[in-house]
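As a plain string of letters, each chain reads:
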Amino acid sequence: MGKGAAREKRGGLIDVIVTILGALGVAFLLRTFVVGVYTVPSGSMLETIQEGDLLLGEKVSLRWESPKAGDIVTFESPREPGTILVKRVVAVAGQAVDVRDGGVYVDGVQLDESAYTLGKPSYSLSDQAGSAGVSYPYTVPEGCVWVMGDNRTNSLDSRYFGAVRVDSVLSKILCIYWPISDARAL
């Protein structure tokens, strides 16, 4: 092998290494600032999201817009640092939430949540051990959202730990991407 062939081979190897490093850098930036991949740790969002489903969430819009009612979001648990939870935003800052007679009321109007709660009742969790002791009606503070799991009878959510700070929201969920049988936009 001549000197020219060896130099060409080395140049090709450097190109491959630079390409791989560039791709890893782009993937890192995308995962850090644009999208997040999440695994659902519990059944609190049944039947909308199954335990173990893999979700894709977007982070970009949170830089200029707070989550809205109906958005499904990920956030760090207020009670277990390092644990990521997935819940639905039910109310935003300034809105009054009430939980009575199995229904959820926002600003005095009962929400029609039958499409995702499957008719399961919603009750206060204020009497459970470890609860933040939320009393109703509860006005969501500025910079916060009120979140609840769709599986209302099996979800520790804002009824248990109170409102969630918007700055702790990590992403808005776009879709379930795995398993394929559950894949769909949310």
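So, here is what we can say about the structure in this document. Because the structure is a prediction, the values reported are computed rather than measured.

**Observations concerning the overall build of the chain**
Part 1 of the argument: When its secondary structure is counted, the chain shows three helices and twelve strands.
Part 2 of the argument: Residue pairs in contact within the chain that sit at least 24 positions apart in sequence constitute 60% of those at least 6 positions apart.
Part 3 of the argument: A total of about 10,200 Å² of accessible surface is found on the chain, and carbon and sulfur atoms cover 59% of it.

**Details of the nonpolar core**
Part 1 of the argument: Val90, Ala91, Val97, Val104, Val106, Val134, Tyr138, Val140, Cys144, Trp146, Met148 and Ala163 together form the largest nonpolar core, which totals twelve residues.
Part 2 of the argument: Among the elements of the structure, strand E4 (84-92), strand E6 (103-106) and strand E9 (144-148) are those that each provide at least two residues to this core.
Part 3 of the argument: In this structure Val134 touches Ser126, Trp146, Ser158, Arg159 and Gly162, once residues within four positions along its chain are discounted.
Part 4 of the argument: Grouped together as the second largest cluster of nonpolar side chains are eleven residues, Val73, Phe75, Val89 and Phe161 included.

**What about empty space enclosed by the protein?**
Part 1 of the argument: Following the criterion strictly, the structure yields one cavity of 30 Å³ or more and no others.
Part 2 of the argument: If you add up the space inside the largest cavity, you get close to 40 Å³.
Part 3 of the argument: As for the largest cavity, its lining consists of Val40, Pro41, Ser42, Ser44, Met45, Leu85, Val86 and Lys87.
Part 4 of the argument: When its residues are assigned to classes, the lining of the largest cavity shows five nonpolar, two polar and one charged.

**Here we look at the pattern of salt bridges**
Part 1 of the argument: Throughout the structure, instances matching the rule amount to eight salt bridges.
Part 2 of the argument: Taking the shortest distance from any N to any O, the salt bridge between Glu65 and Lys172 comes out at 3.1 Å. Here the residue Glu65 occupies a position in the loop between strand E2 (54-58) and strand E3 (72-76), and Lys172 occupies one in strand E11 (residues 169-178), the gap between them amounting to 107 residues.
Part 3 of the argument: Put simply, Asp98 and Arg100 hold a salt bridge, and the shortest N to O gap is 2.7 Å.
Part 4 of the argument: Take Arg100: its relative accessible area is 36%, and that puts it in the partly exposed class.

**What to know about the packing of aromatic side chains**
Part 1 of the argument: Scanning the model with the defined rule gives three aromatic pairs in all.
Part 2 of the argument: Aromatic pair Phe75 and Phe161: ring centres 6.2 Å apart, planes at 70°, arrangement edge-to-face. Note that Phe75 is positioned in strand E3 and Phe161 in helix H3 (residues 158-161), a separation of 86 residues in sequence.
Part 3 of the argument: By relative accessible area, Phe161 is classed as buried at 10%.
Part 4 of the argument: Taking 5.0 Å as the distance between ring centres and 45° as the angle between the ring planes, the aromatic pair formed by Tyr138 and Trp146 counts as tilted. The residues Tyr138 and Trp146 share a single accessibility class, namely buried.
Part 5 of the argument: Positioned above the aromatic ring of Tyr116 is the side chain of Arg88, whose terminal nitrogen or guanidinium carbon lies 3.7 Å from the ring centre.

**Digging into the pairing of E3**
Part 1 of the argument: Across the five residues of E3, four count as buried, placing the element largely inside the fold.
Part 2 of the argument: Where E3 lies against E11, three bridges are found, and the strand directions are antiparallel. Residue Thr74 lies in a different strand from E11, and its bridge partner there is Ser171.

**Overview of the environment of Thr48**
Part 1 of the argument: By the secondary structure assignment, Thr48 is in the loop between strand E1 (35-39) and E2.
Part 2 of the argument: For Thr48, a relative accessible area of 12% corresponds to the buried category.
Part 3 of the argument: For Thr48, the side chain forms a polar contact with the side chain of Asp150, separated by 2.5 Å.

**Description of the layout of surface pockets**
Picture a little ball the size of a water molecule; that probe, rolled over the atoms, points out where space is still empty.
Part 1 of the argument: Within this model, the largest pocket holds a volume of roughly 390 Å³.
Part 2 of the argument: In terms of lining residues, the largest pocket is bounded by 22 residues, among which Lys87, Asn154, Ser155, Leu156 and Tyr160 are the most central.
Part 3 of the argument: Within the residue set of the lining of the largest pocket, elements represented by two or more residues are E4 and H3.
Part 4 of the argument: The leading source of residues in the lining of the largest pocket is H3, at three residues.

About the thresholds
- Residues numbered from 1 in each chain as written.
- Predicted model: local features only at pLDDT ≥ 70, side-chain atom pairs only at ≥ 80, totals over all residues.
- Heavy atoms only, no water.
- Helix = DSSP H or I, 4+ residues; strand = E, 2+ residues; numbered from the N terminus.
- Contact = heavy atoms within 4.5 Å.
- Areas by Shrake-Rupley, 256 points an atom, 1.4 Å probe, with all protein chains shown as cover.
- Core = buried A, V, L, I, M, F, W, Y, C linked by side-chain atoms within 4.5 Å.
- Buried < 20%, exposed > 50% of the residue type's maximum accessible area, 1.4 Å probe, protein only.
- 1 Å grid on protein atoms, 1.4 Å probe; cavity = no way out; pocket = protein on both sides within 12 Å on 5 of 7 lines; lining within 4 Å.
- Points joined across faces, edges and corners; volume = space filled by probe spheres on them.
- Nonpolar A, V, L, I, M, F, W, Y, C, P; charged D, E, K, R; others polar.
- Salt bridge = Lys/Arg side-chain N within 4 Å of Asp/Glu carboxyl O.
- Phe/Tyr/Trp six-rings, centres within 6.5 Å; stacked < 30°, edge-to-face > 60°.
- Lys NZ or Arg CZ within 6 Å of the ring centre and 35° of its normal.
- Pairing = 2+ DSSP bridges.
- Polar contact = N/O pair within 3.5 Å; in protein donor to acceptor, adjacent residues only side chain to side chain.

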